[in-house]
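Chain by chain, the residues:
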Amino acid sequence: MRYGIGMSRDISASPDFDRAVDALRRARRITVLSGAGASAESGIPTFRDALTGLWSTFDAEQLATPDAFLRDPDLVWGWYEWRRGQVARVQPNAGHFAVAQLGAIVPAVTVVTQNVDDLHERAGSTGVLHLHGSIAAPRCFDCARPWPLPADLPDEPEGGRRLPPPRYTHCGGMVRPGVVWFGEALPRGAWQRAEHAISGSDLVLVIGTSGIVYPAAELPERALAAGTPVIEFNIDESALSPYVTRSVRTSAAVGLPALLDALGE
Ligand code: OAD
């Protein structure tokens, strides 16, 4: 797997890693912005990695827009049910646990994620801001009321199969996944709290995101514009790499625990 590249290197020998340790030692208020790369080593595919990314295998236009859902609800619901089952069956990785442990070292840590899984929470982070919603919080397409999930986990084949979405009893509307689709607004409360966290932070850690989806990518850009250091942990160059203060070329599950270890030394 591609994240093996980061694993095979001794990142503690890298000057960017040393600077990240120094920055973390001084930080009082951190915002962590995570993307799909943070959950990759738990076994959840990213979106844009060349061979394994979801959007290299599946067509986002057919799956991740409100129009796609209205055009073919069974296709979209079935695909998201497959992913919901996948997310529920995997475990947080060492990177998620390291992020949760940051709270014991730094006075204020806000975790902002683009991920629709709950792996940060399952690793112990609290108050996580989900900019792109949650795969386990479906709601009515028409009246937006939450729809209680059945206790049984979906057990769908790879890629899902056509499944008609349930109908909401109050209004008869179709139940939709609780994620933010292309062209939709972000949940206002989560976005405002994320903006607030960024403007009050003295360090931003960006973990495993390509940095091309807006407005999420605006958060580190705003921090940089305000003179706040931004340190990226990513196995590859991202759209943010040319601008961030430091890029540590490592996988999340290797680099973040190493960072904590170095702090404890
Ligand atoms: P992407 O798939 O666009 O990017 C994943 C990033 O993670 C890439 O930069 C990889 O190099 C990096 N990466 C992969 N494995 C890693 C690892 N083990 N450790 C560290 N980095 C790793 O995912 P996002 O940036 O999260 O939107 O995508 C943003 C949004 O686009 C998603 O939230 C999703 C998607 O369409 C919605 O679901 C609304």
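None of these values were measured; they are calculated from a predicted model.

On to the overall build of the chain. Counting secondary structure elements, the chain contains 12 helices and eight strands. In terms of overall dimensions, the chain is globule-like: its C-alpha atoms have a radius of gyration of 19 Å, near the 18 Å expected for 265 residues. When the backbone C-alpha atoms are referred to their principal axes, the chain occupies close to 55 × 35 × 30 Å. Burial status across the chain gives 52% buried among its 265 residues. Nonlocal contacts in the chain, meaning residues at least 24 apart in sequence, comprise 72% of its contacts between residues at least 6 apart. In the form shown here, the chain has an accessible surface area of approximately 12,100 Å², with 53% of it arising from carbon and sulfur atoms. The average position of the 24 basic charges and that of the 30 acidic charges among the side chains of the chain differ by 4 Å.

Neighbouring residues of the ligand: 25 residues in total, closest Phe47, Arg48, Thr209, Ser210 and Asn234. Between an oxygen atom of the ligand and a main-chain N or O atom of Gln114, the distance comes to 3.1 Å. Expressed as a share of its isolated accessible area of 790 Å², the protein-covered part of the ligand is 95%.

The interhelical angle for the contact between helix 8 (residues 94-102) and helix 12 (residues 252-264), taken along N-to-C directions, is 30°, at an axis separation of 7 Å. Taken as a pair, helix 8 and helix 12 cross one another with a handedness that is left-handed. Along the contact surface, helix 8 presents Ala94, Gly95, Ala98, Val99, Gln101 and Leu102, while helix 12 presents Ala252, Ala253, Leu256, Pro257 and Leu260. Of the residues assigned to the contact of helix 8 with helix 12, the class counts are nine nonpolar, two polar and no charged.

When the charged atoms of two side chains with opposite charge come close together, those side chains can pair. For the structure shown, the criterion picks out 11 salt bridges. Glu218 is the salt-bridge partner of Arg222, the closest N and O atoms lying 2.7 Å from each other. In this pair, Arg222 and Glu218 both sit in helix 11 (residues 218-225), four residues apart, roughly one turn of the helix. Across the pair Glu232 and Arg249 runs a salt bridge, and its minimum N-O distance is 3.5 Å. Pair noted here: Glu232 is in strand 7 (residues 230-234) and Arg249 is in strand 8 (residues 246-249), with a separation of 17 residues, a long-range link. In terms of burial, Glu232 and Arg249 fall into one category: buried. The network of salt bridges with shared partners includes Glu195, Glu218 and Arg222.

This part takes up the nonpolar core. Membership of the largest hydrophobic core comes to 28 residues, with the highest contact counts inside it found for Leu205 and Phe233. Mapped onto this core, the elements with two or more residues apiece are helix 2 (15-26), strand 1 (29-34), helix 8, strand 6 (203-207), strand 7 and helix 12. It is helix 12 that provides the largest number of residues to this core, a total of six residues. With near-sequence residues (within four places) excluded, Leu205 lies in contact with Leu24, Ile30, Thr31, Val32, Leu33, Leu102, Ile231 and Phe233. Counting residues in each nonpolar core, the second largest holds 20 residues, with Trp55, Trp82, Val116 and Val179 among its members.

The next thing to look at is the side chain of Thr65. Within the secondary structure, Thr65 sits in the loop between helix 5 (60-63) and helix 6 (66-71). Since its relative accessible area comes to 13%, Thr65 is described here as buried. At 2.9 Å, the side chain of Thr65 forms a polar contact with the backbone nitrogen of Ala68. For Thr65, the residues in contact, after removing those within four places along its chain, are Ala60, Trp181 and Phe182.

Right, let's talk about the side chain of Asn93 for a bit. Inspection of the secondary structure assignment puts Asn93 in the loop between helix 7 (73-89) and helix 8. Here Ala38 takes part through its backbone oxygen, which lies 2.9 Å from a polar atom of the side chain of Asn93. The contact partners of Asn93, leaving out residues within four places of it in the chain, are Ala38, Ser39, Glu41, Ser42 and Ala253.

About the criteria used
Residues numbered from 1 in each chain as written. Predicted model: local features only at pLDDT ≥ 70, side-chain atom pairs only at ≥ 80, totals over all residues. Heavy atoms only, no water. Helix = DSSP H or I, 4+ residues; strand = E, 2+ residues; numbered from the N terminus. Rg over C-alpha atoms; globule rule 2.2 N^0.38 Å. Buried < 20%, exposed > 50% of the residue type's maximum accessible area, 1.4 Å probe, protein only. Contact = heavy atoms within 4.5 Å. Areas by Shrake-Rupley, 256 points an atom, 1.4 Å probe, with all protein chains shown as cover. Lys, Arg positive; Asp, Glu negative; His and termini not counted. Charge placed at Lys NZ, Arg CZ, Asp CG, Glu CD. Near = heavy atom within 4 Å. Polar contact = N/O pair within 3.5 Å; in protein donor to acceptor, adjacent residues only side chain to side chain. Axes fitted to C-alpha atoms, helices over the stretch in contact; angles between N-to-C directions. Left-handed = near helix turned anticlockwise from the far one by under 90°. Nonpolar A, V, L, I, M, F, W, Y, C, P; charged D, E, K, R; others polar. Salt bridge = Lys/Arg side-chain N within 4 Å of Asp/Glu carboxyl O. Core = buried A, V, L, I, M, F, W, Y, C linked by side-chain atoms within 4.5 Å.

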